[in-house]
Amino acid sequence: GQQLNQSPQSMFIQEGEDVSMNCTSSSIFNTWLWYKQDPGEGPVLLIALYKAGELTSNGRLTAQFGITRKDSFLNISASIPSDVGIYFCAGQLIQGAQKLVFGQGTRLTINP
Amino acid sequence: GAVVSQHPSWVICKSGTSVKIECRSLDFQATTMFWYRQFPKQSLMLMATSNEGSKATYEQGVEKDKFLINHASLTLSTLTVTSAHPEDSSFYICSATGAGSSDEQFFGPGTRLTVL
């Protein structure tokens, strides 16, 4: 089945640093989504990307939908303690209504 | 808006018993609900997709007789883990679409199942 390769698996950074993570796939996706999950909770949508090449920002977060529709990255600028958590990319296939395929996740730890 | 709740938030049961988990859309009618399973330090894996009033569509490798899904109304879907075993211990998360004109999935807070 379709898989998303997300990297890095984990990051340990200092508060204030910028963060970058990405996802790649062998399949083409219609939509790319980035979620954040706190321990013991469900994922929360951060950014949704609908068009190839699209660059979208949400506060300190910026994400881009790759031109080939097979990759996406998420950047977090000037990290703060509340950014700690697990970040997942997810792709929505062109065929197969609404089904999401999730990446393996990037666990972000911030040292104050 | 677009709030999804799950009940219970956690449950501990004995091996061999059945457990029912509820997923509710609180302020919108969910045309479609999804059930995911997440093992520790792993990603979310889709188990099944359910539409109100019809049978759920299960992903490959998911036993439909073990994971019974009922989507009887536009605001409620239930997942019953039958004859639960320790390997069924996991974090079960539901999501729902149908709020507004987009197909965004709104996720519930998850249910932690521990089978002893």
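Residues numbered from 1 in each chain as written. Chains lettered and ligands numbered in written order. Predicted model: local features only at pLDDT ≥ 70, side-chain atom pairs only at ≥ 80, totals over all residues. Heavy atoms only, no water.

**Some details on unusual backbone geometry**
Residues and elements named next belong to chain A.
For step 1, the next point in the chain: Across the junction of S7 and P8, the peptide omega takes the value -5°, indicating a cis bond.
For step 2, the next point in the chain: In this fold, P8 is placed in the loop between β1 (4-7) and β2 (10-14).
For step 3, the next point in the chain: Backbone geometry at R69 places phi at a positive 70°, although glycine is not the residue there.
For step 4, the next point in the chain: Following the sequence through the fold, R69 ends up in the loop between β7 (61-65) and β8 (71-76).
For step 5, the next point in the chain: Despite not being glycine, A78 has its phi angle at roughly 45°, a positive value. (Helix = DSSP H or I, 4+ residues; strand = E, 2+ residues; numbered from the N terminus.)

**Here we look at the pairing of β2(A)**
Residues and elements named next belong to chain A.
For step 1, the next point in the chain: Covered by surrounding structure in β2 are M11 and I13 only, the residues S10, F12 and Q14 on the alternate face being uncovered.
For step 2, the next point in the chain: Relative to strand β11 (residues 106-111), β2 runs parallel, the two being bridged by five bridges. Within β11, the position partnered with F12 by the bridge is T109. (Buried < 20%, exposed > 50% of the residue type's maximum accessible area, 1.4 Å probe, protein only. Pairing = 2+ DSSP bridges.)

**Looking at the state of the cysteines**
Linking two cysteines covalently via their sulfur atoms produces the bond known as a disulfide.
For step 1, the next point in the chain: What the rule picks out here adds up to two disulfides over all chains.
For step 2, the next point in the chain: Bridging C23(A) to C89(A), the disulfide has an S-S length of 1.7 Å. On the S-S bond that ties C23(A) to C89(A), the torsion sits near -85°, and the link is left-handed. Of this pair, C23(A) sits in strand β3 (residues 19-25) while C89(A) is found in strand β9 (residues 85-93), placing the two residues 66 residues apart along the sequence. Here the two residues C23(A) and C89(A) agree in accessibility, since each one is buried.
For step 3, the next point in the chain: The partner cysteine of C23(B) in its disulfide is C94(B), sulfur to sulfur 2.0 Å. Every disulfide takes its handedness from the sign of the S-S torsion; for C23(B) and C94(B) that torsion is 80°, giving right-handed. Taken together, the residues span a long stretch of sequence, with C23(B) in strand β3 (residues 19-25) and C94(B) in strand β9 (residues 90-97) at a distance of 71 residues.
For step 4, the next point in the chain: The class of C94(B) is buried, set by a relative accessible area of 0%. (Disulfide = S-S within 2.5 Å.)

**As for the nonpolar core**
For step 1, the next point in the chain: Judged by nonpolar contacts, the single largest core of 27 residues is most densely connected at V4(B), F28(B), W35(B), F67(B), L79(B), Y92(B) and L113(B).
For step 2, the next point in the chain: Among the secondary structure elements, those contributing two or more residues to this core are β2 (10-13), β3, β4 (32-38), β5 (45-51), β7 (67-73), β8 (76-81), β9 and β11 (111-115) of chain B.
For step 3, the next point in the chain: Sequence-distant contacts of F28(B), that is, excluding residues within four places in its chain, are made with A2(B), V3(B), V4(B), L74(B), T75(B), A96(B), T97(B), G98(B), A99(B) and F106(B).
For step 4, the next point in the chain: Of all hydrophobic cores here, the second largest spans 23 residues; its members include V19(A), F29(A), L49(A) and I76(A). (Core = buried A, V, L, I, M, F, W, Y, C linked by side-chain atoms within 4.5 Å. Contact = heavy atoms within 4.5 Å.)

Everything listed is a geometric property; what it means functionally is a separate question.
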